[in-house]
Amino acid sequence: MEEGKINLFRNTDRSFSVAVDECDGTTIEGIMFHGSSSYGIHFSSLMEMVLDMDRIYDESGSSKQTFQMRCFPGTEVPAAALRFCQDVRRPGKLMTLDVYVRYRYHAGWQGTVAWNEGNLTETFKSELQLLQLIDEILNGHFPAKKKVDFFDSCQISIDSYELGRITGTYQNLTLGITQDFGSPVDLAGTLGLFMKKREPEKTKSDLDCNRLKSGEDWIPGRKGNPKGTFSVKILFREYKNWQGIIYWREGKVQQTFRSYKEMLYIMVSALETVDKEA
């Protein structure tokens, strides 16, 4: 019976045409169009794009989610505020991507992405893989020839958050690698890129997930009052995705995540709660 219900949905209900208008390496901006609809939805980051698409899928009932998204205790799952615009369906100024999300299994996405101008189509088994493909397209390396591997842990200090963009610092304490962002950057895009393995600057002892609550493993030398500080430990990499633990220092709580997308949702749930309480 459930299979019959799913088949009633048109393929267009699961499709988005993404018109990419701007990209500077750390942020992406454009308009996306859902299914056969002619109205546009403005997005200023990949994080906002993902949140918007999930909301539309939830409301339309297509590409049903098999898991309820998690958040930190005392917070709420982020609810995107769609920013409709007057743009009619059109190609992007930089490029146009057709994203088709067939399933939302394992707290993630599975489907295909087509780069119209490059006449290329690729399958993705997770939203993490989709974001990697989009990055490869934007940087002229589509499809990628090398297998991507990631660090097992990182620490994140966020000073500001708006529309999926953050200012702050990423750090891998194990290897002594730090990246600071004084201007707003895309949370979903830049965090995944930071976690890609590369040569260490110096060697430190490994992060022990049992020390997440102790306060021992945090970004040193940080000044001011960050909006949120998080420590992430990846324990598994199933379904082309991440599974692990994220700890929110200010809230003194931790949560397990089943996908890269869910990890981002959990983080944003904390940041939006801080904004509401401010």
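In what follows, the accompanying structure is described. Everything numeric in this text was worked out from a predicted model, so none of it was measured.

### Observations concerning the overall build of the protein chain
Of regular secondary structure, the protein chain possesses 5 helices and 13 strands. Across the 278 residues of the protein chain, 53% fall into the buried class. Accessible area for the protein chain stands at about 13400 Å²; split by element, carbon and sulfur atoms hold 50% of it.

### Here's the deal with the packing of helix α2 (residues 46-60) against helix α5 (residues 260-277)
Between α2 and α5, whose axes approach to 12 Å, the crossing angle comes to 100°. Compared by their axis directions, α2 and α5 come out roughly perpendicular. Where α2 abuts α5, its residues M47, V50, L51 and D54 lie against K261, L264, Y265 and V268. Across the contact of α2 with α5, the residue classes break down as 6 nonpolar, no polar and 2 charged.

### Some words on unusual backbone geometry
Most of the time, phi is negative for any residue but glycine, and the peptide bond is trans. In this structure, N119 takes a positive phi of about 55° despite not being glycine. As for its placement among the helices and strands, N119 is situated in the loop between β6 (110-115) and β7 (120-124). Of note, the phi angle at K252 is positive, near 55°, even though the residue is not glycine. By relative accessible area, which is 64% here, K252 ends up exposed.

### Topic: the environment of G244
Relative to the assigned elements, G244 resides in strand β12 (residues 243-248). Each C-alpha atom of the pair G244 and T256 lies 5.6 Å from the other, and the pair is 12 residues apart in sequence. Not counting chain neighbours up to four residues away, the residues in contact with G244 comprise K233, I234, L235, Q255, T256 and F257.

### Side note on empty space enclosed by the protein
If you walk through the whole model with that rule in mind, you get 1 cavity of 30 Å³ or more. Considered as a void within the structure, the largest cavity measures approximately 30 Å³ in volume. In terms of lining, the largest cavity is formed by M47, V50, E127, L131, A188, Y260, K261, L264 and Y265. Among the elements of the structure, α2, α3 (127-138) and α5 are those that each provide at least two residues to the lining of the largest cavity. Counting residues per element, the lining of the largest cavity draws most heavily on α5, at 4 residues. Within the lining of the largest cavity, the residues separate by chemical class into 7 nonpolar, no polar and 2 charged.

### Here's the deal with the packing of aromatic side chains
Scanning all chains against the criterion turns up 10 aromatic pairs. Arranged with centres 5.5 Å apart and planes meeting at 35°, the rings of F72 and W248 form a pair that is tilted. Separated by 176 residues along the polypeptide, F72 in the loop between α2 and β4 (84-85) and W248 in strand β12 bring together distant segments of the chain. Of the two residues, F72 and W248, neither departs from the other in class, the shared state being buried. Judged by centre distance (5.2 Å) and plane angle (70°), the rings of Y170 and F181 are edge-to-face.

### What to know about the sheet that holds strand β5 (residues 95-103)
Taken in spatial order, the 7 strands line up as β4-β3-β2-β1-β5-β6-β7 in an open sheet, and their pairing is antiparallel. Edge positions in the sheet fall to β4 and β7, since each has one partner strand and no second. Relative to β5, strand β1 (residues 15-23) runs antiparallel, the two sharing 6 bridges. Along β5, the bridge assignment pairs A19 with T96. Running over the sheet, α2 touches β1, β2 (28-34), β3 (40-43) and β5 and is turned about 145° from β3. The strands touched by α3 within the sheet are β1, β2, β5, β6 and β7, with β7 carrying the most contacts at an inclination of about 155°.

### Side note on α3
A rise of 1.5 Å per residue sets the reference length of α3, with its 12 residues, at 16 Å; its end C-alpha atoms lie 17 Å apart and thus fit the reference within 8%. Across the 12 residues that make up α3, a large majority, 11, are buried. Among all positions of α3, only E127, L128, Q129, L130, L131, Q132, L133, I134, D135, E136 and I137 are buried. Once α3 finishes, G140 follows within two positions and takes phi at roughly 75°, a positive value.

The rules behind each value
- Once a new chain begins, its residue numbering starts again from 1 and follows that chain's sequence as written.
- The model is predicted, so local features are restricted to residues of pLDDT at least 70 and side-chain atom pairs to those at 80 or more, both for listing and for counting; the totals for chains, interfaces and linings are taken over all residues.
- The basis for every side-chain value is the complete set of non-hydrogen atoms in the structure, without hydrogens or water.
- The numbering of helices and of strands both runs from the N terminus, where a helix is a DSSP run of H or I of at least 4 residues and a strand a run of E of at least 2.
- The buried label applies to any residue whose accessible area, calculated with a 1.4 Å probe on protein chains only, is under 20% of its type's maximum; exposed applies above 50%, and partly exposed to all values in between.
- Surface exposure here means Shrake-Rupley accessible area, sampled with a 1.4 Å probe, where a residue is shielded only by the protein chains that are shown.
- Orientation is described by axes fitted as lines to C-alpha atoms, over the contacting stretch for helices, and by angles from 0 to 180 degrees between their N-to-C directions.
- Note that the term roughly parallel is reserved for angles under 35 degrees, roughly antiparallel for angles over 145, roughly perpendicular for angles of 65 to 115, and oblique for everything else.
- Should any heavy atoms of two residues lie within 4.5 Å, those residues are considered in contact.
- Lys, Arg, Asp and Glu make up the charged group, whereas Ala, Val, Leu, Ile, Met, Phe, Trp, Tyr, Cys and Pro make up the nonpolar group; the residues left over, Gly among them, are polar.
- The definitions used throughout rest on a 1 Å grid laid over the protein atoms alone, on which a cavity is an enclosed set of points accommodating a 1.4 Å probe that cannot get out and a pocket is an open set flanked by protein within 12 Å on both sides along at least five of seven lines; lining residues are those having an atom within 4 Å of a point.
- Grid points are joined across faces, edges and corners, and a volume is the space filled by probe spheres set on the points.
- Pairing of aromatic rings covers Phe, Tyr and Trp, the last through its six-membered ring, and needs centres within 6.5 Å; plane angles under 30 degrees mean stacked, over 60 mean edge-to-face, and all others mean tilted.
- In this scheme, strands are said to pair when DSSP sees at least two bridges between them.
- One less than the residue count of a helix, multiplied by 1.5 Å, gives the span that helix is expected to have.

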